[in-house]
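# Descriptive analysis of the structure
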Amino acid sequence: MQIKKFLKPIEPIFNKGLDRVGSIIHAHKKVNFLFGALFGAFDGLLRSPKETAQSPPFIRNNYDVKRFMGAVLVALVIGWVLPAIYFYGWQCVISKLLVSFIIGVFVVDVLWAIIAREDHISEGGFVSCLLVPAILPPQSPLWLVGLGAAAAILFRNILGGVGYNLVNPALFSRLFLTVCFPALLVTGYQTPFTGMPDLHTFRYGLDAVTHATPLTAFKTNGEVASYLSLLFGTASGSLGETCRLALILTGLWLIKIKVVNWRLPVSYLGSVFAISVFFSLTMGKAVAPPIFQILSGGLILGAFFMATDPITTTYSQKAKWIYGAGCGFITVLLRDFTTLSEGAMYAILLMNLVAVPIQSLIVRTRYRR
Amino acid sequence: MLRKKEIPGFKGGFNLLDTYPLRFFNIIEKVSSDTTPGIFEFPPATQKIEHVVVNLCPTEPWALPNWAIFGHRVNVFFNKLKEIRDRFFPAVQYCIALNNKDIETIAAARNFAGSEERVRVFPLDAKYPQDDSVVLSKVVLGVDINFGQEAMSRGIFIMDAQTVSAIYDSCISGNKVDSRFIAVSGTGLKENELVQVQLGTPVEKVLSDRVIEGGKYRVFLNGPLRGKEITDLSYRVNWTINNIVVLREQDYKVMFPLFKSEELMFTTNVHGEVRRCVYCNFCDNICPVDLEPALYYHSYQRGERHKARLYNLERCIECGLCSFVCPSKLELLKIIRECK
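Residues numbered from 1 in each chain as written. Chains lettered and ligands numbered in written order. Predicted model: local features only at pLDDT ≥ 70, side-chain atom pairs only at ≥ 80, totals over all residues. Heavy atoms only, no water.

### Some remarks on the overall build of chain B
Within chain B one finds 13 helices and ten strands. Against the compact-globule benchmark of 20 Å for 340 residues, chain B has a radius of gyration of 21 Å, which places it among compact chains. Taking the principal axes of its C-alpha atoms as reference, chain B extends roughly 55 × 50 × 35 Å. Here chain B, with 340 residues, has 58% of them falling under the buried criterion. Pairs at least 24 residues apart make up 71% of the contacts formed inside chain B by residues separated by at least 6 positions. When the accessible area of chain B is evaluated, it comes to approximately 15400 Å², of which 49% is carbon and sulfur surface. Each charge sign in chain B was given a centre, from 43 positive and 41 negative side chains, and these centres are 4 Å apart. (Helix = DSSP H or I, 4+ residues; strand = E, 2+ residues; numbered from the N terminus. Rg over C-alpha atoms; globule rule 2.2 N^0.38 Å. Buried < 20%, exposed > 50% of the residue type's maximum accessible area, 1.4 Å probe, protein only. Contact = heavy atoms within 4.5 Å. Areas by Shrake-Rupley, 256 points an atom, 1.4 Å probe, with all protein chains shown as cover. Lys, Arg positive; Asp, Glu negative; His and termini not counted. Charge placed at Lys NZ, Arg CZ, Asp CG, Glu CD.)

### A few points about the sheet that holds strand β6 (residues 179-185) of chain B
Residue and element names in this part refer to chain B. Taken together, the six strands give an open sheet; going across it, the order is β1-β7-β6-β10-β8-β9, and neighbouring strands pair in mixed fashion. With partners counted over all chains shown, the strands left at the sheet margins are β1 (30-31) and β9 (228-230), one partner each. Pairing between β6 and strand β7 (residues 193-198): six bridges, direction antiparallel. In the sheet register, Ser-179 faces β7, and the bridge partner there is Gln-198. (Pairing = 2+ DSSP bridges.)

### Observations concerning the packing of aromatic side chains
Following the criterion strictly, the structure yields 27 aromatic pairs over all chains and no others. On the numbers, 5.1 Å between centres and 55° between planes, the contact of Tyr367(A) with Tyr311(B) is tilted. One end of the pair, Tyr367(A), is in the segment after α18 (344-366); the other, Tyr311(B), is in the loop between α11 (305-308) and α12 (321-325), on a second chain. For the pair Tyr367(A) and Tyr311(B), a shared accessibility class is recorded, and that class is buried. An aromatic cluster of at least three residues, connected via ring pairs, comprises Phe14(B), Tyr20(B), Trp62(B), Phe266(B) and Phe324(B). The residue whose ring lies beneath Lys127(B) is Phe10(B), and the NZ or CZ to ring-centre distance is 4.9 Å. Directly above the aromatic system of Trp239(B) lies the positively charged group of Arg180(B), at a separation of 4.9 Å from the ring centroid. (Phe/Tyr/Trp six-rings, centres within 6.5 Å; stacked < 30°, edge-to-face > 60°. Lys NZ or Arg CZ within 6 Å of the ring centre and 35° of its normal.)

### With respect to the pairing of strand β10 (residues 243-248) of chain B
As a general feature of sheets, a regular strand has side chains that alternate between the two faces. Residues and elements named next belong to chain B. Of all six residues making up β10, six are buried, and the element is well covered by its neighbours. With three bridges connecting them, β6 and β10 associate as parallel partners. For Val-184, the partnering residue across the bridge sits in β10 and is Ile-244. In terms of strand pairing, strand β8 (residues 217-221) meets β10 through five bridges, oriented antiparallel.

### Details of the domain arrangement of chain B
In many reports, interface size means the accessible area that the parts give up when they come together. Residue and element names in this part refer to chain B. Each assigned domain of chain B is listed here: domain 1 (37-173) and domain 2 (282-339). For domain 1 and domain 2, the distance between their C-alpha centroids amounts to 30 Å. Contact residues are listed per partner, giving six residues for domain 1 and seven residues for domain 2. Between domain 1 and domain 2, a total of about 570 Å² is buried, with carbon and sulfur atoms accounting for 74% of that surface. When the buried surface of domain 1 facing domain 2 is broken down by residue, Tyr-128, Pro-129 and Phe-147 rank first, second and third, together holding 72% of it. Applying the counting rule to domain 1 against domain 2 returns zero salt bridges. Considered class by class, the residues forming the side of domain 1 that touches domain 2 number five nonpolar, no polar and one charged. (Domains from an automatic or database assignment. Buried area = accessible area lost by both parts, 1.4 Å probe. Salt bridge = Lys/Arg side-chain N within 4 Å of Asp/Glu carboxyl O. Nonpolar A, V, L, I, M, F, W, Y, C, P; charged D, E, K, R; others polar.)

### Comments concerning the interface of chain A and chain B
Taken together, the contact between chain A and chain B spans 52 residues of the former and 68 residues of the latter. For the pair chain A and chain B, the summed buried area comes to about 5600 Å², and 57% of that belongs to carbon and sulfur atoms. A per-residue breakdown of the area chain A buries against chain B is headed by Ile59(A), Arg60(A) and Tyr315(A), which together make up 16% of the total. Counting across the chain A and chain B interface gives six salt bridges.

### Let's talk about the sheet that holds strand β4 (residues 119-124) of chain B
Residues and elements named next belong to chain B. Read across the open sheet, the four strands follow the order β4-β3-β2-β5; overall the sheet is parallel. Edge strands, defined here as strands with exactly one partner in the open sheet, are β4 and β5 (156-160). Here the average twist between neighbouring strands, direction ignored, is 20°. Summarising the sheet, strand β3 (residues 93-99) and β4 pair through six bridges and their orientation is parallel. Within β4, the residue paired with Leu-98 across the bridge is Pro-123. Packed on one face of the sheet, helix α6 (residues 161-173) meets β2 (51-56) and β5 and runs near 95° to β5. (Axes fitted to C-alpha atoms, helices over the stretch in contact; angles between N-to-C directions.)

### Let's talk about the domain arrangement of chain A
All names here are of chain A. Domain annotation of chain A identifies domain 1 (2-46) and domain 2 (66-365). Taking only C-alpha atoms into account, the centre of domain 1 sits 35 Å from that of domain 2. Counting from both sides, the interface comprises seven residues of domain 1 and, opposite them, nine residues of domain 2. Together, the buried faces of domain 1 and domain 2 total about 660 Å²; carbon and sulfur atoms form 76% of this surface. The largest contributions to the domain 1 side of the interface with domain 2 come from Phe-33, Ala-37 and Leu-38, which together make up 61% of the buried area. Put simply, domain 1 and domain 2 have zero residue pairs in polar contact (both at pLDDT 80 or more) between them. (Polar contact = N/O pair within 3.5 Å; in protein donor to acceptor, adjacent residues only side chain to side chain.)

### Regarding the nonpolar core
Judged by nonpolar contacts, the single largest core of 143 residues is most densely connected at Trp80(A), Tyr268(A) and Phe324(B). Among the elements that line this core, the one with the most residues is helix α4 (residues 65-88) of chain A, at 13 residues. Sequence-distant contacts of Phe324(B), that is, excluding residues within four places in its chain, are made with Pro57(A), Ile59(A), Arg60(A), Asn61(A), Phe14(B), Leu16(B), Tyr20(B) and Leu225(B). Grouped together as the second largest cluster of nonpolar side chains are 43 residues, Val74(B), Val92(B), Tyr94(B) and Leu98(B) included. (Core = buried A, V, L, I, M, F, W, Y, C linked by side-chain atoms within 4.5 Å.)

### Focus: a nonpolar patch on the surface
Residue and element names in this part refer to chain A. On the surface, Trp-90, Ile-94, Leu-98, Ile-102, Phe-106, Val-107, Leu-111, Ile-115 and Phe-202 cluster together to form a nonpolar patch covering roughly 840 Å² of accessible area. A total of eight residues in the nonpolar patch trace back to one element, the largest contributor, which is helix α5 (residues 90-115). In this structure Trp-90 comes out as partly exposed when scored by relative accessible area, which is 36%. (Patch = residues over 30% accessible without salt bridge, like charges linked within 9 Å, V, L, I, M, F, W, Y side chains within 5 Å.)

Below is the structure:
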């Protein structure tokens, strides 16, 4: 109510201003060509659309893609940005976010909209660009983050934009960076700061102290990190994946408001647990124990925020179980039996591709005559 | 997953009653047509009737509420029903579908059913489109009828409270029934009202003095979800019209829509920009007949309308919920109708 009262006097001013800018932009062909989409996106954030339903049903739900994506953004900010600021200092986190957003959304996406004459700029870019720094090491250089964001958005747009992307753009960019700069992606796992932050640590965290990620440590000397440190985020890892507790809570919130389909995290985490229990029973200490598997690496972030990206999963609900189980199976296989320490990224990317045949198979079996 | 077994129902659907809480005030007046009014006639049964379904479970908030017919005398209504049963359908199965929150009516219905096996009472979840004839006969009787097929052709006679009352008045009391109650509601009106209208009255006359002055509005017969829009307001009211909804035409931009959801809610605005399908599964979660509307959209996009028909398209009951809920604002119902 307070906000409403506060906004009331400035509304007509804004409204008039936006109308005027809009009419100027639309009146000049060349200006419209360059800035039409950008203005449209900005206008769409501030004002409701004026389109009305012309075919039945004549009332529509007030839930749109902006709210859908907005919910994911809110969840990600609470799930990884705030904990990361505490653990690694705001300078590290905010600068990466700024670089990611500016290069990903405001440069690459806007340029693409101008060149390809898209009529709007999608909100999905914000989600991808918020995920890109989260899956890179805390000490990765800023140019790496920028390159990752650019690769993610460019790749998504080349495939046809939001709605047509075959694989998760953020994970694809991480794969691209892993191939191009392998050395940068295995180092720079800064030790998270714990305790009461003072001004210095709040800004920089524990700079320069790095530590192998729990999964790498397990691979090299069989050391299992404490589950509590994994849960709260005091073990090292990529920037956004460490505080699993916040990620789980925000993920559950997303499930509650039905942005995330509950079948995917349940089947993904469940299959990781089941398969690693099986391997632990048969092979003993040679493979990672089940709870450690679930709490380490990017699994929680992947299960709640990446595998659930609705566009890259299957549409059919039953196929989602197969998809999630496949992700879990590949993750455990890669972690336990290859030289790779972390497999969630490859598992999700691979299953993104396999989702297409799974979907058509399920559709064919369901509607077979 | 634990499921409540005692309430029969269907998967999907949407609770419109909670989303659009409309309240009708007890202002009931008679609007007379200027011509000779139409007369309600009880249609002679062309088919042998095996089941009678009394639908006392309106699921749309703008539909005519039961209390308009009952008054506060539910028992009187059931006595009427009893006489109709004795006179016209002595040996058929009776099913009474009720809103499971309406405890008073349920008690009266159970009282009416007594120990007879021919009468069954179904307290149902009042989520839209429970009162659709296809869904209703599936849930209550377990009979599949196709969309567009008359329920009568399968021996099922579905009647609502108003029809029961009219049959009683015209065939048993011997009065001529030349008017009916119509629920008139919406954001385009000053007040939501229940109006008794003579059959044959133009819609224009029903709405006169009721619509808001200044500002555009659109008129829908039988609800904005399933009904049709009329632009010619000289359309004459007949017995099939249960309600008239008048919605404000929200065809201008509004600042900060997030803080004004209440104001924008019950209007014709689409509340969002058209985007591509993001496979959010909202449409197949809400579908009352377990279809996957996004498949039709993708078939349509690729120009393969014949393919859409493979995905059980004929089972669609055109309730409009998929378009209603789609966050990408795709015209799914339009696409489905074109593919059919």
